[in-house]
Structure formats: structure tokens, C-alpha cells
Amino acid sequence: MAATSVGRVLTLCRQFQNAFRISTSLAVQQSALTLTKSQSYLDRLTYPLLSSNWHCHVGQCRPLHTTISRRGLEEFFDIPENWGEATVKSGAPWTAKQLRTKSNEDLHKLWYVLLKEKNMLLTIEQESKRQRIQMPSPERLKKIERSMKRLDTVVKEREDALRLLQTGQERARPGAWRKDIFGRVYWYRFREHALPWYMNKRYKRKRFYTPLFVTPHIRLRLEKHLRAKTRIQNKEREKQTVLQEKFPQMKAQSS
Amino acid sequence: MARRLIYPLYQIGNPQLRIFRPPFSLTLVRPGKEQPQDTVQFRISMEMTKCDVRNYLEKIYNVPVGAVRTRIQYCTNKKRNHLNQKVKRPDYKVAYVQLVQQQTFEFPDIFTEKDVKSAEGSVEEMQEKFMEDEKQRQKPDLRRGGVTEWFGL
């Protein structure tokens, strides 16, 4: 019970970020202390076991503590105090700025906390649909999804930066600029195959060149696109002139 | 792990694929049909397999899993919207997970209404009393045996 309340508080409330400052602090023992502070009301029994680890060599091993969850399938539901409530309080979602201050291990753990929370909310949503009752506080789902997306963005940024520094590659997945049958140029992303391309029948059916009879249609498509663009620009210009006539004091809009 | 991922090609002898930060979520559902006491029913992502479900529950939820069986539920494409276009209800995969060691799981009743007794002498208590009296007055006469009151004496 306390585990999910801690988890819930950790996911959504900003003031409990202190609990996550474990890896940013320099001393390992300090980090273990801050962990115990946040989860001290969870399980006093387990911490005597951990204390022996604190005196181990600081540089070599690091007491990595994962939340001990005694409850298996109960984590798919809310804490029993919240059953039957109309609204459940929850904090703000994680912003990308906050997530960038966290270490990789913290983000990894946070991902799983968010995932479990999401599973719990989806379970409640499905059950409320079955019982034809309104789900309490459905905005929690959106908050979780946004937090997870932002976490993903931050991790991607870090991976991109690392890859650029180490290899100089801009993209993780290799690809190439190719022309399709319609003459359009696009970024083709490579896939892994078990055969070379010249033995791959399905790949050979996909033509990466433009046949000769398509070239007049390319010109026509270009003309159509240019005509549409000029039409939009002309419309905008006419609108501005009409507005200027109607309201002479108006400042000209910068496009 | 983001969406639109392509996993590395697997050929015999390759190392086991590990996924960090799985993007898949499980939904525990109440079974529609009567299930044995040790069976838990989940709705899972279409891309998940039985092994995935087992590892997910064991690693993330610490739940020892006995057997997992899956099926895909096809949902209708027959319904039409106000523009007479066919609207597809998305398909989903259902996993029946049997727990180990004769453990049982019963789907709890989450939406039981709690009886809240408001403080005595407060406004809420008076309001509740008033509402209850009104309801008593609205009830039809029991002696009529269910017959309506809008006719007769």
C-alpha cells in the first residue's frame, strides 16, 4: 500500500524530487540515506540488511535499492482508501526540464513507476466502463502519457548526443535518399534482412527509380503545387489590403 | 523505447533480445465468462507474446506465473458513423494468466459507494434528512399492491 503511495507521490508531485537525487549526490552513503528517508515508512525491516552495504568500498559497489513490493497483482489497483471516491488528487506531470536534471538510472526507475501507474489507471478505466460508472480523475492518464513521452524525448536526446560524440552519426537507423516511382524523393530507412537485396524478391518489386512515362506528370504536379502556393499568397495579400482599407490605423502584419 | 521500433532480426544463435523501458501496458480486466480461481485476465498489446507477458509480470510485478494463454479478439468493422462510413473498433489481445502454487485471485469491487456519515448538527446532515423525508413521501402506498395512483380514489 505504502509502495504505491510512494510511487504515486514520486511520479506526480514535484516536491518529492528529493527522493530522486540519489545518484546526483557525490557520496554513495548520502545517496543511500536519502533513499531511506523517502521510503523509511515503507519497510523498517529491510533497512538493517542494507546498512551492512554502506560500509563497502565506495568506488566498487553501489547499494542499488529497488522498491520491495510485497503486493503483486494488487498494484494493478489503487490503494483501498481511494476505492469509491469521485476524484483522486494527483500532482502535475513531469516536464522535460525536470527530467533532464535526473540521471539515467533515475529515469529508468521512473519509467517503470510511470508504467505501473499507467497499468493501474487503464485497469480502473476498463472496470469503470464495465460497471458503467465514471472513472475517478481520468486526467491522470493524460498526465502519465505526457510524462512518459517527455521521458522518452530526454532519453533520445541523450542517446543522440552520445552517438554524435562517439561516432559522428546523426541518425541511429541507417538510411538513404531515394526516389520512388512517382518521382518524389524521400528518406528510405534501411531494415535488417536475412538475404542480400538481389535475392529478395519482394524488395526487387519495389522500384526505386522513376519510369520515363511518369516525367510529364512530375512537371504537372509541380505546376499544381506552385499554383496552390501562389493562390494562398495572393489571398493573404488581398486580405491585408482589404483590412488596411477598413482599418487605416492598423499596423501591417508581418508574414 | 519509442514507438515505430523495428527490432533486430533474430536468427538461430543470436543473443536474447532485451528491451529496456518497455512501452507496453497491461490492463487487468474482469472476466466476461466465469474463469477458474487462479486465472487472471489481461488485455495486452497485439505485439506481445506469452513469453513477454510472463517476463513482464515476473520482472516488473514480482508475480510468479504458471501458464499463459493468449487469443486475439476481433472487434467489429460493421458499425457506421453519421457519415455512413465504416468505423472499426480496434482489436485487442487477451492473455489468460494462471498463477502458480494454487494461489487465487478474485477481481475486487472497486466502485463500492462508501457510507459517509456527516457531522451531527451540520448543514449536510439536515439536507440528507430532508432528502430522505422527501423520498419517503414520494413512495406509493404499499397497500395498493403496485397499482398506480393516478386514477381511482
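Going by the structure above, here's the rest.
Along each chain, residues carry numbers from 1 onward, in the same order as the chain's sequence is written. Whichever chain is written first is A, and whichever ligand is written first is 1; the rest continue in order. Totals for whole chains, interfaces and linings use every residue, but because this is a predicted model, local features are given only for residues with pLDDT of at least 70 and side-chain atom pairs only at 80 or more, for both listing and counting. As a rule here, side-chain values come from all non-hydrogen atoms in the structure, and water together with hydrogens is ignored.

A. Here's a closer look at unusual backbone geometry. Residue and element names in this part refer to chain B. Even without being a glycine, Asn-62 presents a positive backbone phi close to 55°. Here Asn-62 shows up in the loop between α1 (50-60) and β3 (65-73). Not every positive phi belongs to a glycine, and Gln-101 is a case in point at roughly 60°. With respect to the secondary-structure elements, Gln-101 resides in the loop between β4 (92-99) and α2 (123-138). The way it works is that DSSP assigns letters per residue, a run of H or I at least four long becomes a helix, a run of E at least two long becomes a strand, and they are numbered from the N terminus.

B. Looking closely at a negative patch on the surface. Nonpolar side chains (Val, Leu, Ile, Met, Phe, Trp, Tyr) within 5 Å and like charges within 9 Å form the patches, drawn only from residues with over 30% relative accessible area and no salt bridge. In short, Shrake-Rupley with a 1.4 Å probe defines the accessible areas, and a residue's cover is counted only from the protein chains shown. A side-chain nitrogen of Lys or Arg and a carboxyl oxygen of Asp or Glu constitute a salt bridge if their distance falls within 4 Å. Under this rule, positive means Lys or Arg and negative means Asp or Glu; His and the chain ends count for nothing. Lys charges are placed at NZ, Arg charges at CZ, Asp charges at CG and Glu charges at CD. Where like charges cluster on the molecular surface, the negative patch consists of Glu-124, Glu-128, Glu-132 and Asp-133 of chain B. Structurally, Glu-124 of chain B is set in helix α2.

C. Just the side chain of Gln-240 of chain A, in detail. All names here are of chain A. With respect to the helices and strands, the residue Gln-240 is situated in helix α8 (residues 215-246). The buried label applies to any residue whose accessible area, calculated with a 1.4 Å probe on protein chains only, is under 20% of its type's maximum; exposed applies above 50%, and partly exposed to all values in between. With a relative accessible area of 17%, Gln-240 lands in the buried category. In contact with Gln-240, not counting residues within four places along its chain, are Met-250 and Gln-253. Throughout, a contact is declared for two residues whenever any of their heavy atoms are within 4.5 Å.

D. Seen up close, the pattern of salt bridges. Scanning the model with the defined rule gives twelve salt bridges over all chains in all. Of the charged contacts, one joins Asp-160 of chain A and Arg-163 of chain A as a salt bridge, the two residues approaching to 2.6 Å between their closest N and O atoms. Of this pair, Asp-160 of chain A and Arg-163 of chain A both sit in helix α6 (residues 139-166), three residues apart, roughly one helical turn. Salt-bridge contacts for Glu-134 of chain B lead to Arg-137 of chain B; the nearest nitrogen and oxygen are separated by 3.5 Å. Pair noted here: Glu-134 of chain B and Arg-137 of chain B are both in helix α2, with a separation of three residues, about one helical turn. Judged by its relative accessible area of 26%, Glu-134 of chain B is partly exposed. What emerges from the salt-bridge pattern is a single network uniting Arg-219, Glu-223 and Arg-227 of chain A.

E. Spotlight on the interface of chain A and chain B. Counting residues at the interface gives 41 residues for chain A and 39 residues for chain B. Buried area counts how much accessible surface, traced with a 1.4 Å probe, disappears from two parts once they are put together, with both parts' losses summed. Interface of chain A and chain B: buried area, both sides summed, is about 3,400 Å²; carbon and sulfur atoms make up 62% of it. On inspection of chain A and its partner chain B, the count reaches two salt bridges. Where Arg-30 of chain B meets Glu-127 of chain A, a salt bridge forms, and the shortest distance between an N and an O atom there is 3.0 Å. Counting only elements with at least two residues in the side of chain A that touches chain B, the list comes to α5 (104-131) and α6 of chain A.

F. Broad picture of the sheet that holds β3 of chain B. Strand order in the open sheet formed by four strands is β1-β2-β4-β3 (chain B), with antiparallel pairing between adjacent strands. Strands at the two margins of the open sheet, each flanked by one partner only, are β1 (27-29) and β3 of chain B. When strand polarity is set aside, the average angle formed by the axes of neighbouring strands in this sheet is 30°. The convention used is that axes are lines fitted to C-alpha atoms, helices contributing only their stretch in contact, and that angles between N-to-C directions extend from 0 to 180 degrees. Packing of α5 of chain A onto the sheet brings it into contact with β1 and β2 (39-44) of chain B, and relative to β1 of chain B it is tilted by some 30°. Lying on the sheet, α1 of chain B is in contact with β2, β3 and β4 of chain B; it crosses β3 of chain B at an angle near 130°. Strands are treated as partners if at least two bridges between them are detected by DSSP.

G. The arrangement of a nonpolar patch on the surface in detail. Residues Leu-195, Trp-197, Tyr-198 and Met-199 of chain A make up a contiguous nonpolar surface patch of roughly 490 Å² in combined accessible area. Within the element layout of this structure, Trp-197 of chain A appears in the loop between β2 (185-189) and α7 (201-205).

H. Region of interest: the environment of Ala-67 of chain B. Residues and elements named next belong to chain B. Here Ala-67 shows up in strand β3. Look at Ala-67 and you get partly exposed, because its relative accessible area is 26%. For Ala-67 and Gln-37, which are 30 residues apart along the polypeptide, the C-alpha to C-alpha distance reads 14 Å. With near-sequence residues (within four places) excluded, Ala-67 lies in contact with Arg-54, Tyr-96, Val-97 and Gln-98.

I. Structural context of α1 of chain B. Three or more residues of α1 of chain B are buried, namely Val-53, Tyr-56, Leu-57 and Ile-60 of chain B. End-on, the buried residues of α1 of chain B take up no more than an arc of 100°, which puts them together on one face. Buried residues in α1 of chain B make contact with α5 of chain A together with β2, β3 and β4 of chain B. It is the directions from the helix axis to the C-beta atoms whose arc is reported.

Purely geometric stuff here, so don't read any function into it on its own.
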